[in-house]
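Architecture at a glance
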Amino acid sequence: MDKIAKLKKIMSKDNVKIKTKIKKKKRLNRSVAGNIVILLFLLIFSVFSAYPLIFIIANAFKPLHELFIFPPKLFPTDPTFKNFSDLMILMGTTWVPMSRYIFNTVFITVVGTIGHVIIASMCAYPLAKHHFPGKAFIFTLIVYSLMFNGAVTSTPVFMIMSWIGLIDTHFAVIIPAFAFPLGLYLMKQFMESIPNSLLEAAKIDGANEFRIFWRVVMPLSKPAWLTLVILLFQQLWSTQGAGYIFSEQLKTLSYALAQIVSGGIARAGTAAAVSVIMLIVPVTIFIISQSKIIDTMSHSGMK
Amino acid sequence: MRDKTITTEKESRFKKLRRKMYKQRYSYYLMAPYLIIFGTFTVFSVIMSIVFSFTNFNLLEFPSFVGFDNYVRLFLEDEVFIIAMKNTLILAIITGPISFILAFVVAWLINELPKKWKWLMTLIFYAPSISGNAYLLWKLIFSSDMYGYANSFLIKNGLITEPITWLQDPKYVLWIIIIVQFWLSLGVAFLAFIAGLQNLDQKLYEAGAIDGIRNRWQELWYITLPQMRPQLMFGAVMQITSSFGISAVSSEIAGYPSVDYSGHTIVLHLLDYGGMRFEMGYASAIATILFMIMLSSNIIVQKFLRRVGT
């Protein structure tokens, strides 16, 4: 027994060695000059991409007199939280308490995102795994709906919403978000990779379709949930509800912050603080879930 | 032996069919909530918008049929719409293809990096597209006084003596929108490319090397691109749709309405009539045109991409 275990150990070690050798060999056809060109190219583009974000974060920590020095500097020499505390004070002076705007945005974002993940997954599971009449037609419609954006339907949606009496409620924003087509598309593509054997095993164990969906498919599609969450969250988090929400006490954080930003040059620091607040949440979610999202996106291809 | 497998296959196929038929109703139950909402707010809305585009609906009076009047008015009388159309096409033709290629090139280059760097670079390039209204910073960069970063940079280096009024000058507005749009454009398509590149079959590269592929450019052309076709098609849809839908960037950066409508787009025109003047019939006509443009350009590009490499 001992010998066999040892042998296995040695073999597995050898395997590892062989594998690493292959890995090193995998970088075929790579020249040093090419690597340098690529690094330079990436460096230039990443500066273009990151500089504005770093700048806006830096600006949020600059005292007012540093925001307008000539020539402008990237990093604050005298960092301060004054912009954020100013923002708090400003928030206290608004007509509707700030907590109300925050509640509205959190409500829209949380209900919209959770509802979307559940409803889209429910629809994606049969589309990915079952065969039934009308399947191809439904999926084609969804692919075509990726090809135009929400502006096209904004007018009819407004009319439908006013007919069913949802204008000036949060649901005018939330309900259309439930049927966000990109989310369904990605979820369906991801679910196709779930092995059928698992579903059949569950069926043999006597689970019905709803149970299979909830107990087998949903836990297995966690990476795809995160992708749907980041895509929709970012949209709803920054929604102003323009055109659908008119009562001040129902308006969103993004709307309130836009009002503060429009306060002009004296609020440049506060505006930067606002932007930092708006970007920090989606970016944090992305940082946490990047590998899961990439995993989902690998199934995104169109055939 | 062979016969046996065929019969069992037939049997299981029959069984499967029966089982599937039994399962169907659950499929429909599961899909119902999504399809009702999707049907109402997307499919029905598009149909409604096409139908209303032939009426003079204004929310107050009962709509009456006006034939092609709205379309005639759009193309012959509405000068602002023609400007919006021209701007939208310029923006789409420039930002669509270039942002598509940019997303692929950046993803491909990132894929050459070691794993840790890959993670960081993906974050850096993707972050702008999810950072909400952070693009307002570009307003500071291109602000018209000498404190604007672009102006102060140019003045400091002696390239100009007077600050340029970037966002008030129709000459520059469209170009600035294009730059900001590029900054925002590495979104879902970019992630799809990153993911697709990570999952390519490595064996093909080894086989390619044996078959005489000598550098990474040949590798890209002969192995990577053909394998990436599904992701490329998905990415094309994403980039085309977003490049035709540019609106918030323009209205936030260049103002609404912008000077001489220099940054006006079809979507903004649509929101003007649908969301402010409540001329729903006219807005529907604009929406229908936008729908046709987006859909047809997507379908044409799909047809084209499907042909590449076959």
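Residues numbered from 1 in each chain as written. Chains lettered and ligands numbered in written order. Predicted model: local features only at pLDDT ≥ 70, side-chain atom pairs only at ≥ 80, totals over all residues. Heavy atoms only, no water.

**Regarding the overall build of chain B**
The criterion, for reference: Strands here mean DSSP runs of E at least two residues long; helices mean DSSP runs of H or I at least four residues long; both are numbered from the N terminus. When a residue's accessible area, from a 1.4 Å probe over protein chains only, is under 20% of the maximum for its type it is buried; when over 50% it is exposed; and in between it is partly exposed. When checking whether two residues touch, look at their non-hydrogen atoms; a contact exists if any pair is within 4.5 Å. Method for areas: the Shrake-Rupley scheme with a 1.4 Å probe, in which residue coverage is limited to the protein chains shown.
Along chain B, the regular secondary structure elements total 14 helices and 0 strands. Taking the principal axes of the C-alpha coordinates as reference, chain B spans close to 85 × 60 × 30 Å. Expressed as a percentage of the 310 residues in chain B, the buried residues total 53%. Counted over contacts in chain B with a minimum sequence separation of 6, partners at least 24 positions apart contribute 67%. Roughly 15,400 Å² of accessible area belongs to chain B as shown, and the carbon and sulfur atoms make up 66% of that amount.

**A few points about the interface of chain B and chain A**
Spelled out, the test is: Once two parts are joined, some of their accessible surface, as seen by a 1.4 Å probe, is lost; buried area is that loss totalled over both. Here, a salt bridge means any Lys or Arg side-chain nitrogen found within 4 Å of an Asp or Glu carboxyl oxygen.
Counting residues at the interface gives 103 residues for chain B and 96 residues for chain A. Across the chain B to chain A interface the summed buried area is about 9,000 Å²; carbon plus sulfur atoms make up 77%. For chain B, the biggest contributors to the area lost against chain A are Leu30, Tyr34 and Phe41 of chain B; these three give 9% of the whole. Inspection of the chain B/chain A interface yields 0 salt bridges.

**A few points about the side chain of Thr265 of chain B**
All names here are of chain B. Examined against the element boundaries, Thr265 turns out to sit in the loop between helix H12 (248–254) and helix H13 (266–276). On the accessibility criterion, Thr265 (1% relative accessible area) is buried. Beyond its immediate chain neighbours, meaning those up to four positions away, Thr265 contacts Ala84, Thr88, Leu91, Ile246 and Ser247.

**Observations regarding the packing of helix H12 (residues 222–237) of chain A against helix H14 (residues 268–297) of chain A**
Residues and elements named next belong to chain A. Heads up, the condition is: Note on geometry: axes are lines fitted to C-alpha atoms, helical ones only across the stretch in contact, with angles between N-to-C directions running from 0 to 180 degrees. An angle counts as roughly parallel when it lies under 35 degrees, as roughly antiparallel when it exceeds 145, as roughly perpendicular when it falls between 65 and 115, and as oblique in every other case. By the definition used in this description, the sense in which the near helix is turned from the far one sets the handedness, with an anticlockwise turn below a right angle giving left-handed and a clockwise turn giving right-handed.
Between H12 and H14, whose axes approach to 8 Å, the crossing angle comes to 155°. With respect to H14, the element H12 is oriented roughly antiparallel. In terms of crossing hand, the pair formed by H12 and H14 is left-handed. Seen from H12, the contacting residues are Pro223, Ala224, Leu226, Thr227, Ile230, Phe233, Gln234 and Trp237; seen from H14, they are Ile277, Met278, Val281, Pro282, Ile285, Phe286, Ser289, Lys292, Ile293, Asp295, Thr296 and Met297.

**Brief notes about the pattern of salt bridges**
All chains considered together, the criterion is met by 5 salt bridges over all chains. Put simply, Glu192 of chain A and Lys188 of chain A hold a salt bridge, and the shortest N to O gap is 2.8 Å. Assessed through its relative accessible area of 33%, Glu192 of chain A is described here as partly exposed. Taking relative accessible area as the criterion, Lys188 of chain A reaches 7% and is therefore assigned buried. Where Arg277 of chain B meets Asp272 of chain B, a salt bridge forms, and the shortest distance between an N and an O atom there is 3.0 Å. Look at Arg277 of chain B and you get partly exposed, because its relative accessible area is 44%.

**Regarding the domain arrangement of chain B**
Residues and elements named next belong to chain B. Note the threshold: Source of the domain bounds: an automatic or database domain assignment. As used in this structure description, the phrase polar contact means that two N or O atoms lie within 3.5 Å; if the pair is within protein, one of them must be able to donate a hydrogen and the other to accept it, and residues adjacent in sequence are counted only when both atoms belong to side chains.
By the assigned domains, chain B splits into domain 1 (1–52) and domain 2 (69–307). A C-alpha centroid distance of 36 Å is found between domain 1 and domain 2. Of the residues lining the interface, 4 residues belong to domain 1; the matching set on domain 2 comes to 6 residues. Buried area between domain 1 and domain 2, both sides added, is near 390 Å², and the carbon and sulfur share of it is 62%. Interface area lost by domain 1 to domain 2 is led by Ser49, Ile50 and Phe52, which between them contribute 82%. Where domain 1 meets domain 2, there are 0 salt bridges. Our enumeration of links across domain 1 and domain 2 arrives at 1 residue pair in polar contact (both at pLDDT 80 or more).

**Description of H13 of chain B**
Counted residue by residue, H13 of chain B has 8 buried out of 11 residues, so it is predominantly covered. Those residues of H13 of chain B that sit buried are Ile266, Val267, Leu268, His269, Leu270, Asp272, Tyr273 and Gly274 of chain B. Summarising the contacts, the buried residues of H13 of chain B are in contact with helix H7 (154–163) of chain A together with helix H2 (69–77), helix H3 (79–111), helix H11 (229–244), H12 and helix H14 (280–307) of chain B. One or two steps after H13 of chain B, the chain reaches Phe278 of chain B, where phi turns positive at roughly 55°.

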